[in-house]
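Chains, contacts and geometry: an overview
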Amino acid sequence: MLSPTATIVELFLLPLAVLVIYNDVRYRRIPNPFVLATLIAGLTLNIGLAGVNGLLSSIGGCLLAFILMFILHVFGAMGAGDVKLFASIGSVIGAHLVLPTFLVVVVTGGLLGLISVLRSGAFRMTMHRVLQILVGLLPGWQMPKFSVPADRRHTIPYGAAITIGAIISIAVFQP
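Anyway, here's the lowdown on the structure attached to this text. Starting from 1, residues in each chain are numbered consecutively following that chain's sequence as written. The predicted origin of the model limits local features to residues at a pLDDT of at least 70 and limits the giving and counting of side-chain atom pairs to 80 or more, whereas totals for whole chains, interfaces and linings rest on all residues. Hydrogens and water molecules were not included; the side-chain quantities draw on all heavy atoms of the structure.

**Some words on the packing of aromatic side chains**
Each Phe, Tyr or Trp ring, with Trp reduced to its six-membered ring, pairs with another whose centre is within 6.5 Å; inter-plane angles below 30 degrees give stacked pairs, above 60 give edge-to-face pairs, and intermediate values give tilted ones. Counted by the stated rule, this structure contains three aromatic pairs. Ring centres of F66 and F70 lie 5.4 Å apart, and the angle between their planes is 15°; this geometry places the pair in the stacked category. Of this pair, F66 and F70 are both found in helix α2 (residues 32–74), four residues apart, which corresponds to roughly one turn of the helix. The buried label applies to any residue whose accessible area, calculated with a 1.4 Å probe on protein chains only, is under 20% of its type's maximum; exposed applies above 50%, and partly exposed to all values in between. On the accessibility criterion, F66 (37% relative accessible area) is partly exposed. Seen in terms of ring centroids, F86 and F102 are 6.2 Å apart; in terms of plane orientation they differ by 50°. Their pairing is tilted. Here F86 is found in helix α3 (residues 80–93), whereas its partner F102 is found in helix α4 (residues 95–120), with 16 residues between them in sequence. Here F86 and F102 have matching classes, each one buried. Numbering of helices and strands runs from the N terminus; a helix is a DSSP stretch of H or I covering at least four residues, while a strand is a stretch of E covering at least two.

**Some details on the side chain of S88**
Mapping S88 onto the fold places it in helix α3. For S88, a relative accessible area of 2% gives the class buried. Excluding residues that lie within four positions of it along the chain, S88 makes contacts with V35, T38 and L39. It only takes one pair of heavy atoms within 4.5 Å for two residues to be counted as in contact.

**Focus on the packing of helix α1 (residues 4–27) against helix α6 (residues 158–173)**
Running from N to C, α1 and α6 point in directions that differ by 165°, and their axes come no closer than 8 Å. With respect to their mutual orientation, α1 and α6 come out roughly antiparallel. In this structure, the crossing between α1 and α6 has a hand that is left-handed. Of the residues in α6, those touching α1 at A6, V9, E10, L13, L14, A17, V20, I21 and D24 are Y158, G159, A160, T163, I164, A166, I167, I170 and A171. Asp, Glu, Lys and Arg are counted as charged, while Ala, Val, Leu, Ile, Met, Phe, Trp, Tyr, Cys and Pro are counted as nonpolar; the rest, among them Gly, fall into the polar class. In terms of residue class, the contact of α1 with α6 is made up of 14 nonpolar, two polar and two charged. Here, axes are lines fitted to C-alpha atoms. For helices the fit covers the stretch in contact, and angles between N-to-C directions go from 0 to 180 degrees. Working rule for angles: under 35 degrees goes down as roughly parallel, over 145 as roughly antiparallel, 65 to 115 as roughly perpendicular, anything else as oblique. Crossings are classed by handedness, with left-handed meaning an anticlockwise turn of the near helix from the far one by less than a right angle and right-handed meaning a clockwise turn.

**Thoughts on the packing of α4 against α6**
Taken N-terminus to C-terminus, the directions of α4 and α6 make an angle of 130°; their axes are 7 Å apart at the nearest point. Looking at the two axes, α4 sits oblique to α6. The handedness of the crossing between α4 and α6 comes out as right-handed. On α6, the residues touching L97, P100, T101, V104, V105, V106, T108, G109 and L112 of α4 are Y158, A160, A161, I162, I164, G165, A166, I168, S169, I170 and F173.

**Observations regarding the environment of T38**
With respect to the helices and strands, the residue T38 is situated in helix α2. Sequence-wise, T38 and S91 are 53 residues apart; in three dimensions their C-alpha atoms are separated by 7.9 Å.

**Some words on the nonpolar core**
By nonpolar core we mean a set of buried residues, namely Ala, Val, Leu, Ile, Met, Phe, Trp, Tyr and Cys, connected to one another through side-chain atoms within 4.5 Å. If you look at the biggest cluster of nonpolar residues, it comprises 29 residues, and the most contacted ones within it are L13, M69, F86, I89 and I162. Of all the secondary structure elements, the ones that give two or more residues to this core are α1, α2, α3, α4 and α6. Apart from the residues within four sequence positions on either side, M69 is in contact with M78, D82, V83, F86, F102, V105, Y158 and I162.

Rendered as structure tokens:
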């Protein structure tokens, strides 16, 4: 059973997830007002629940989540909207849940990616590109640059993975 705090956070994140998933799947965009509202709600919620310690945890969660996703963004694996969304969710869940949530989000995103690859019939091409990326990580090899596909079937609406992963993480890891 969820604690009262976890229940409050889940009740906030469920409608956010619906809005984000709809917009990210349909338009491949996460509107900034959703991100800003999430950030403000996270700060307010944590201040209300734990005062100054809640504020510090909220800010720490925002910064840590931003850094983790920004690293992926630099390598072209994540869009800017996804970075901002995860940072704002970091303000809701607090610093202590960012790392477990990040791991759940990565697994969730991987499953969505696998479904997307299988659905689009691009499994062989995707595995070839993954191999190119892995080889590019080796010393002396160059990291390949891939353009963003025009066909949406070859992209992942990662906002869905982020919101679903956050909901799962709170249900599993929130004390």
